[in-house]
Amino acid sequence: MPWQIITNLEFPSVEILEFLENLEFLDEKSIAKNLANLQRTFIAHNAKTGEYFAARALFCHKGIYYFFDGQEFDGKKFKISKDKNELLKGIKKELDLSALSEYLSFMSAKKSFFKSVFELRAGEYLCYKNGKLKKGVFDSLKGVEILDCDEKNLEFLKSRILATLEKQISLYHSQNPCALLSGGLDSSLLTALFARQSKQKVQAFNLAFLDAPHYDESEFARAAADFIGCKLHSVNLGKKDFLDTFYASDFNAEPLADSASIALRFLCEKIASYGYGVAFSAEGADECFLGYDLYFRVLEFYCYDLLQSGYPLISKDSEYLRRKALGLPIYGGFCEVFTRYQKELLFADCKDFSIDEPILAYQNNYKELRQMRYMDFRIASEGIVARKISAMSDLVEIKTPFFALAKLALSLENPSPNYKPKELLKSIAKEQGLLSDEIIYRKKKGLSTPFLEWVLKEMDASSEILKANKILGFSLFSEVFVRELERKARRGRFKQHLWSLLCFSRWLGKHFG
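Residues numbered from 1 in each chain as written. Predicted model: local features only at pLDDT ≥ 70, side-chain atom pairs only at ≥ 80, totals over all residues. Heavy atoms only, no water.

Spatially, β1-β2-β3-β7-β8 is the arrangement adopted by the five strands of the open sheet, whose pairing is antiparallel. The strands lining the two open edges of the sheet, one partner per strand, are β1 (3–5) and β8 (132–137). Averaged over all neighbouring strand pairs, the angle between strand axes comes to 15°, with direction disregarded. In terms of strand pairing, strand β2 (residues 42–46) meets strand β3 (residues 51–55) through five bridges, oriented antiparallel. Following the sheet pairing, Asn46 is matched in β3 by Glu51. (Pairing = 2+ DSSP bridges. Helix = DSSP H or I, 4+ residues; strand = E, 2+ residues; numbered from the N terminus. Axes fitted to C-alpha atoms, helices over the stretch in contact; angles between N-to-C directions.)

By size, the foremost hydrophobic cluster in this structure holds 153 residues, and its most contacted members are Leu100, Ile161, Leu435, Phe477 and Trp499. When residues of this core are assigned to their parent elements, the largest contribution, eight residues, is made by helix α22 (residues 495–512). In this view, Leu100 contacts Phe113, Phe347, Phe353, Leu476, Phe477 and Phe504; residues no more than four positions away in its chain are not counted. (Core = buried A, V, L, I, M, F, W, Y, C linked by side-chain atoms within 4.5 Å. Buried < 20%, exposed > 50% of the residue type's maximum accessible area, 1.4 Å probe, protein only. Contact = heavy atoms within 4.5 Å.)

Attention now moves to the packing of helix α8 (residues 239–248) against helix α19 (residues 451–458). Relative orientation of the contacting elements α8 and α19 amounts to 85°, with a least axis distance of 10 Å. Relative to α19, the element α8 lies roughly perpendicular. Of α19, the residues touching α8 (which contributes Lys239, Phe242 and Leu243) are Phe451, Trp454, Val455 and Glu458. Taken together, the residues of the contact of α8 with α19 sort by class into five nonpolar, no polar and two charged. (Parallel < 35°, antiparallel > 145°, perpendicular 65-115°, else oblique. Nonpolar A, V, L, I, M, F, W, Y, C, P; charged D, E, K, R; others polar.)

Our next topic: the packing of helix α11 (residues 293–303) against helix α12 (residues 316–326). Axis separation between α11 and α12 bottoms out at 10 Å; the angle between their running directions is 45°. Between α11 and α12, the interaxial angle falls into the category oblique. Where α11 crosses over α12, the two elements pack in a sense that is right-handed. Each of Leu294, Arg297, Val298, Phe301 and Tyr302 in α11 lies in contact with α12, whose residues at this interface are Asp317, Tyr320, Leu321 and Lys324. Classifying every residue of the contact of α11 with α12 gives six nonpolar, no polar and three charged. (Left-handed = near helix turned anticlockwise from the far one by under 90°.)

Across the sheet, five strands lie side by side as β11-β10-β9-β12-β13; this open sheet has parallel pairing. Single-partner strands in this sheet number two, and they are β11 (231–236) and β13 (397–399). Taken over all neighbouring pairs, the strand axes of this sheet differ in orientation by 30° on average, direction set aside. Where strand β9 (residues 178–180) meets strand β10 (residues 203–208), two bridges bridge the pair, whose relative direction is parallel.

Once that is clear, we can look at the environment of Ala223. Assignment of secondary structure puts Ala223 in helix α7 (residues 218–228). The spacing of Ala223 and Gln168 is 55 residues in sequence and 25 Å in space, taken between C-alpha atoms.

This part is about the pairing of β2. Burial analysis of β2 places four of its five residues in the buried class, the great majority of the element. Looking at chain direction, β1 and β2 are connected through three bridges and run antiparallel. When the bridges of β2 are listed, Ile5 appears paired with Ala44.

The end-to-end C-alpha distance of helix α9 (residues 259–273) is 22 Å, a good match for the 21 Å that 15 residues give at a rise of 1.5 Å each. Of all 15 residues that make up α9, eleven are buried, and the element is covered over most of its length. Looking at α9, one finds that the buried residues are Ser259, Ala260, Ser261, Ile262, Ala263, Leu264, Arg265, Phe266, Leu267, Cys268 and Ile271. Of the residues one or two after α9, Gly275 is the one with positive phi, at around 95°. (Expected span 1.5 Å × (residues − 1).)

Right, let's talk about the pattern of salt bridges for a bit. Summed over the entire model, instances satisfying the criterion amount to 36 salt bridges. For Arg196, the salt bridge is made with Glu166, and the minimal N-O distance between the two is 2.9 Å. A residue pair is termed long-range when its members are at least 10 positions apart, and Arg196 in helix α6 (residues 185–197) and Glu166 in helix α5 (residues 151–170) qualify at 30 residues. You can call Arg196 partly exposed: its relative accessible area is 43%. (Salt bridge = Lys/Arg side-chain N within 4 Å of Asp/Glu carboxyl O.)

Moving on, we get to α8. Listed as buried for α8 are Phe242, Leu243, Thr245 and Phe246. Down the axis of α8, the buried side of the element spans an arc of 165°, and every buried residue falls inside it. In α8, the exposed positions angled more than 90 degrees off the buried face are occupied by Lys240 and Ala248. Where α8 is buried, its residues touch α9, α19 and α22. (Arc of directions from axis to C-beta.)

Here it is in structure tokens:
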């Protein structure tokens, strides 16, 4: 066969090669149909024709990067890779600041900061042949119909959730996986299901913050591990460890402003040192089962006519009302940072900088909570979550079984007013005897780190951020606004804003300084 898969497939498929052999006879609709149930991301090459074909599955968290157009390098006008650092070898790096607005909104950007370098979106495919590039969509998460979910269907729904998670876990038994266990409902339930299937004692890992007890959840992870019957390895993360990891990390050559990525990187280094190459994570449960309080707070902006005059312009509330007036999606994602008005203040000294509307990429036909879920699934499948997990793959492959429930979650109607977040998961855990009541019903906390407290003790953050202006040779960031952000951050507000700018400035200095 002239077609060869040039990336490592976890589960090699004869069907993919058969599909590629018939590719020249298929139209866009037929290609999308053949890829509709794709569970893996792959790149294939036809040595006979010089043709490339690639497809990126939803929630596989493995990126596909390609160079196209612009200057020739390595004797080629087109190059494709699963590793952006590998792709960038031989190319003259040119900065593309048009990615900055999206990055500031969502802590990462799908668009590359390097000119002529692109990333295939989740649910997309590309075909390169004879100097021409064609792309198409095979899975967009749009158009999922509402499932009738009355009382009589609840048992069916719970059994489907349970069966899906169990199937996802079973796929990786042969790879000797471990589990990430925080002690919260999601990770505890996943670890319990894993332990119920495993013939060996499950090894679980969690992060401890012994120097910052307010952030430490080790006791909950220990209680969950004891109930489940698994071995817990508690890894302490201190200020020096965090800062050392921050300075050393490059997250696949693009800026990433999720502080949890630094903590996860440190944890994955320890997991790898124990000899584990695969780990289960409960990422996705909050998106599937409405675990973020923010969903219900933003729901009020959808349901009620609130007055913009009641909110300061710099607030997210004001931004929600602006979007509502313009007919845009109101919700900006669980990871949204800078609003449009905040960007205007940030770029006040650089009048030529174009501020776009990144939210437009998430237009869809859903309403209210379904729209919010959709947006977070898209961000998870190709944005911050995918970037974070993909950046760990040189150490540990992180598997996220909950994302297999994304379409099921999108099919559910908005819950009743008395809905309690994750009640379906709580019910499964209770009825199956998987977890104790203490674990099932404890208040959600989520992974957070004292990242900015540690950073602000070590550096003048504003000065570090404003180095970007010197590197670029013009005043991209307003010094007045940046220093005001730092003052607010030291008082506990706008911490993520300052961190996003700090991560970008550090990245810029590393690649263009």
